[in-house]
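A structural walkthrough
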Amino acid sequence: MIRQSFTGSLLCSCALVAVLSPAFAEMSSEDTETVVVTASRLAEQARLQQKNAINIVNVQSAEAMLKYPDFNAAESLARMPGITLMSDTGEGRFVMIRGIDPNLNGTTYGGVVLLNTDPGGTYQGGGGRAVELDTIPGGAIDGIIVTKSLTPDHEAEGLGGSIELTPRSAANITTPFAELNLGFGYEPIHGRSGPLNADLAFGARFGFEDGGLVVERGQSADKVNPGFVSNPTPFSFVVSSSWREDRRAFDDLEEDYINDPAKSGTPQDKVFDDLQFRKYDAHRKRFAIGGEFDFKPNDEHRYYFRANMFGYDEQIIKNHLVFNNLGGHYATTISGNQVSTQSDITMKGTNSQTIARNNVYVLGGEDDFHVVKLDYHVAYSRATNSADRSFGATVTGPKGVHVTYDNTSDPNFPMMKVTDGTNLNDPSLYTLTKLSNGTEKDADQEYSYAANATIPVDILSSDDRLKFGFEVRLRTKSGTPNTSQKVSLPKAPQYLSLLSPMPAYTNYYHNRYTNGPGINDGLLFANVQNGTWAIAPAAVDTSSIWSGDENIYSGYGMYTGEYGAWGFMAGVRMESTVAKYTFVDDQLGTLTMPKTYTNFFPSAQIRYEFAPDLIARASYSAGIGRPGFTQVTGNSHTDTTNWVISTGNPNLKPLTGNSFDLDLEWYLNDSGIFEVGAFDKEIQNYIFKRDLVVTTDSRAVALGWVPADGNIHLDSYGNIPSGSDRGIEVAYQQKFTFLPKPFDGFGFDGNYTVVTSSSDEYPGEKHALPGTAPSTFNASIFYEAYGLTLRLSSQYTGHNLYQVGGSRAQDQFEDSRFQVDWTSSYQLCDNATVYFNAKNINNAPLRIYMGTPSWPIQREFYDQTYETGVRLKL
């Protein structure tokens, strides 16, 4: 019955579209597929854009993005060559380009720099430069360009490369259009409902004639009016919106160890300090809304205004059951791989809400005076992160519980048994002992002004050109004071059994463990809101106060020319950085540190056509990675017991790098390609977090410190003289149209990247750069014919350095991950398509280990996500 109803609804939708389409068809061409909103929306045009580029780029179209079950921009990027996805809470958030930390790569949206929402959440303590790409739903993107060899008219930020996310544009609209996508799904873990997706976009070109509105239907293609406004329909607009709502959930198993190096390789070397069963339930509402209004009076002039906003509201509920004091607090016996001891049980619950926003506004224009072409814009970009609620509860459970565990036989799923009969699911054994709330706010904003002039010249050929330009970027980033509030609990014991506990989650981690009784966070939150429990005034954490003003003034000049089959580009970019960082030191008060430096970035690109579809490229380019804001402004904390000062380092130098690239591309039919490339990035002044030993420090002087050995330890950041990042990329995509029907719809789409990186973090100790996966690949087998599209895709990321420890044995690594996805669709009629997707079919976990794979410290399982829906075009 349900199936019949669903099928009937789809047929009704198809019929409705068929009825409505003629109204639009009268205003458009007969073939609706020719409607192009931006130059890179269709796969064929995106491939042509990549082919014609003078430098090395990869272009992904919106059409290609729909072929994968990806939720956001990060996940779509990860399908491209040389891109490594970095996930959090079961969803892609950051990406690395060719093994380089995302804090060191640039990201723009419609040519305007995107900013970071949460400086404390960036990878490797990078201090707020990496852009959280999970704030951007896929429906807000018309295409993606990854630039791997920078040119002088490009931002120099991008040691690995730079990312351009292209929004919907009104520039190329020739006929009215409207598109609607609706989808829903199911996520089985924790029995929660699945995603709800909706995308809507529409636009048109119009003008006014004889006092009436004229909508462009193709009838004005050859019509020219007298005067400056010669275009009969000079106005165009596009409006787009996207909604992605999901209720992700996952199980997370984490542990800490008390290790004894003298007993390496034995169970005594892997004694738990604690074991944590963490249950997460999230509800994220992600959205995007934007539009562009264009005025094109004639073929030589265009002026536009664009506004876009995207982000998410997310609530996360956490329930943690923790086995404490497993390592040495109680008597311990070891028999074979089994460890018998006692443990103190606690539970922790959190109810938090986070609001993340990105806003981009730009006003610009283009003028072709034939002897010179001008383009210019003024823009405002803003990113904010607001955690207005973060209620945390601590619940004390039974103490001295006898347990036996084995974390050696199967490190991923350690055996843990309660041996004295204690029922960990009994809420009467737990008492609420602490309840508090915290808030956090961060803001990042930038005003920018840019202008470029292109002058045609005839040096090698009539297609040569000189290009000059300047840009001013005025950025301010700040962290407002974090606050904390304690809740006054009644004097009588607040047994969990009296606080309407949620049922115990006994099938935690695929029925292996229990997560204990559920903390009713809603009741606790309500008791605070209605005044049943008093909450203290907010206490301000002054160490969280910081700000950074970073102004960048840049200019460039470049020459692009052609000579037969050869193409050339050479030029240089100058960027002058004038910065001021302000932060709070717990001993010296508020400090302000100015910083000024100027860098030059030469670039040279060579392109050679062996044949129209066989192109070779060679390039040299230079780039910069500025120190992270909190790396420089890191608020200082002094440990007077252990002679340790935790602080940022205002003397950090910016990273600079020289990139050398070779690339060979063979373009095939049906947007196919075979591409192989090699790259070598030589980096200077790479930044690592490290323990620095100094003999004097202004804080130590203020405290009158005189360490016995004369050394003071700074837990801070430092520059490493040099590092390298080298690798090979291979990409192959082809539809096998040479096969007999109906097999001519089969094809393959894949890419493979090998990266090796190195740096001397500690004297005599080589390290890979953090996050560099030695190998990554995407591989898809697809069928596209007769209205049917089927695709089985896989994605692999090799193990990589996640966090640098005090020694090689304490380094943390993210384990290799292999994920399988399924997408399918069927075109019911010319304007309606139904689809079904399955994500993470093989339930690939996120796994982090310390030193060796047998020492896991975190495993997260997400299960599958299923989604179905319909796409309509009018």
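Per chain, residues are indexed from 1 in the order of the written sequence. With pLDDT at 70 or above as the cut-off, local features in this predicted model cover only qualifying residues; side-chain atom pairs require 80 or more to be listed or tallied, and sums for whole chains, interfaces and linings still use all residues. To get the side-chain values, all heavy atoms of the structure are used, and hydrogens and water are removed first.

**Structural notes on the overall build of the protein**
Keep this limit in mind: Numbering of helices and strands runs from the N terminus; a helix is a DSSP stretch of H or I covering at least four residues, while a strand is a stretch of E covering at least two. Accessible area is worked out with a 1.4 Å probe on protein chains only. A residue is then buried under 20% of its type maximum, exposed over 50%, and partly exposed in between. The Shrake-Rupley method, run with a 1.4 Å probe, gives the accessible areas here. Residue values count only the displayed protein chains as cover.
From N to C terminus, the protein includes eight helices and 45 strands. Residue burial in the protein is summarised as follows: out of 874 residues, 55% are buried. Of the accessible surface of the protein, which amounts to about 35,900 Å², a share of 57% is contributed by carbon and sulfur atoms.

**Some thoughts on unusual backbone geometry**
Omega for the peptide link from K741 to P742 comes to 5°, which places this bond in the cis form. By the element assignment, P742 lies in the loop between strand 34 (712-735) and strand 35 (746-762). Positive phi, close to 45°, is recorded for S500, a residue that is not glycine. The residue S500 is located in the loop between strand 23 (494-495) and helix 5 (508-511) in this model. Here S500 falls in the partly exposed class, since its relative accessible area comes to 45%. A positive phi angle is found at D670, which is not glycine, with a value near 55°. Here D670 lies in the loop between strand 32 (655-668) and strand 33 (672-694).

**Brief notes about the sheet that holds strand 5 (residues 112-113)**
To summarise the sheet geometry, strands pair through backbone hydrogen bonds and adopt either a parallel or an antiparallel arrangement. Here is the rule we go by: Strands are treated as partners if at least two bridges between them are detected by DSSP. Note on contacts: a residue pair is in contact if any heavy atoms of the two residues lie within 4.5 Å. Helix axes use the C-alpha atoms of the stretch in contact, all axes being lines fitted to C-alpha atoms, and the angles between their N-to-C directions lie in the range 0 to 180 degrees.
Read across the open sheet, the five strands follow the order 1-6-7-4-5; overall the sheet is mixed. Strands with a single pairing partner mark the edges of an open sheet, and in this sheet they are strand 1 (57-61) and strand 5. In this structure, strand 1 lies alongside strand 6 (residues 143-147), joined through five bridges in antiparallel fashion. Note on strand 6: the bridge partner recorded for V57 is T147. Packing against the sheet, helix 2 (residues 43-52) makes contact with strand 1 and strand 6, and its axis sits at approximately 170° to strand 1.

**So, the packing of aromatic side chains**
Quick note on the threshold: Pairing of aromatic rings covers Phe, Tyr and the six-membered ring of Trp, with a centre-to-centre limit of 6.5 Å; geometry is then stacked below 30 degrees between planes, edge-to-face above 60, and tilted otherwise.
Summed over the entire model, instances satisfying the criterion amount to 40 aromatic pairs. Residues W566 and F568 carry aromatic rings whose centres are separated by 6.1 Å and whose planes lie at 10° to one another, so their mutual orientation is stacked. Judged by relative accessible area, which is 38%, W566 ranks as partly exposed. By way of ring pairs, the aromatic residues F202, F206, F208, F235, F237, F293, F295 and Y303 are connected into one cluster.

**With respect to the pairing of strand 7 (residues 162-166)**
Regular strands show a simple pattern: their side chains alternate between the two faces of the sheet. Taking burial as the measure, the five residues of strand 7 include five buried ones, the bulk of the element. Burial along strand 7 is two-sided: the residues S162, E164 and T166 and I163 and L165 are all buried. As defined by bridge partners, strand 4 (residues 106-109) adjoins strand 7 across four bridges and the pair is classed as parallel. Its bridge partner being in strand 7, G106 is matched across the sheet by S162. Across five bridges, strand 6 lies against strand 7 in antiparallel orientation. Directly across from G143, in strand 7, lies its bridge partner T166.

**As for the pattern of salt bridges**
Put simply, the rule reads: What makes a salt bridge here is a side-chain nitrogen of Lys or Arg within 4 Å of a carboxyl oxygen of Asp or Glu, nothing more.
One pass over the structure, following the stated rule, counts 50 salt bridges. The salt bridge involving R284 is made with D134; its shortest N-O contact spans 3.1 Å. Residue R284 is found in strand 13 (residues 271-298), and its partner D134 is found in the loop between strand 5 and strand 6; the two are separated by 150 residues along the sequence. Across this residue pair, the class does not change: R284 and D134 are buried. One continuous salt-bridge network, built from bridges that share partners, spans D88, E91, R93, D134, D246, R248, R284, R286 and E314.

**Comments concerning the confidence of the model for the protein**
Rules: Summary of the metric used: pLDDT quantifies the predictor's per-residue confidence within the range 0 to 100.
This prediction gives the protein a mean pLDDT of 88; 89% of its residues lie at or above 70. The least confident element of the protein, judged by mean pLDDT, is helix 1 (residues 2-25) at 40; the most confident is strand 38 (residues 788-797) at 97.

**Considerations on the pairing of strand 14 (residues 301-324)**
Pairing between strand 13 and strand 14: 22 bridges, direction antiparallel. Residue pairing for strand 14: G290 is matched across the bridge by N308. Following strand 13, the chain reverses through two residues before pairing antiparallel with strand 14. Bridge count between strand 14 and strand 16 (residues 338-368): 24 bridges; the pairing is antiparallel. Looking across to strand 16, one finds that Y304 is bridged to G364.

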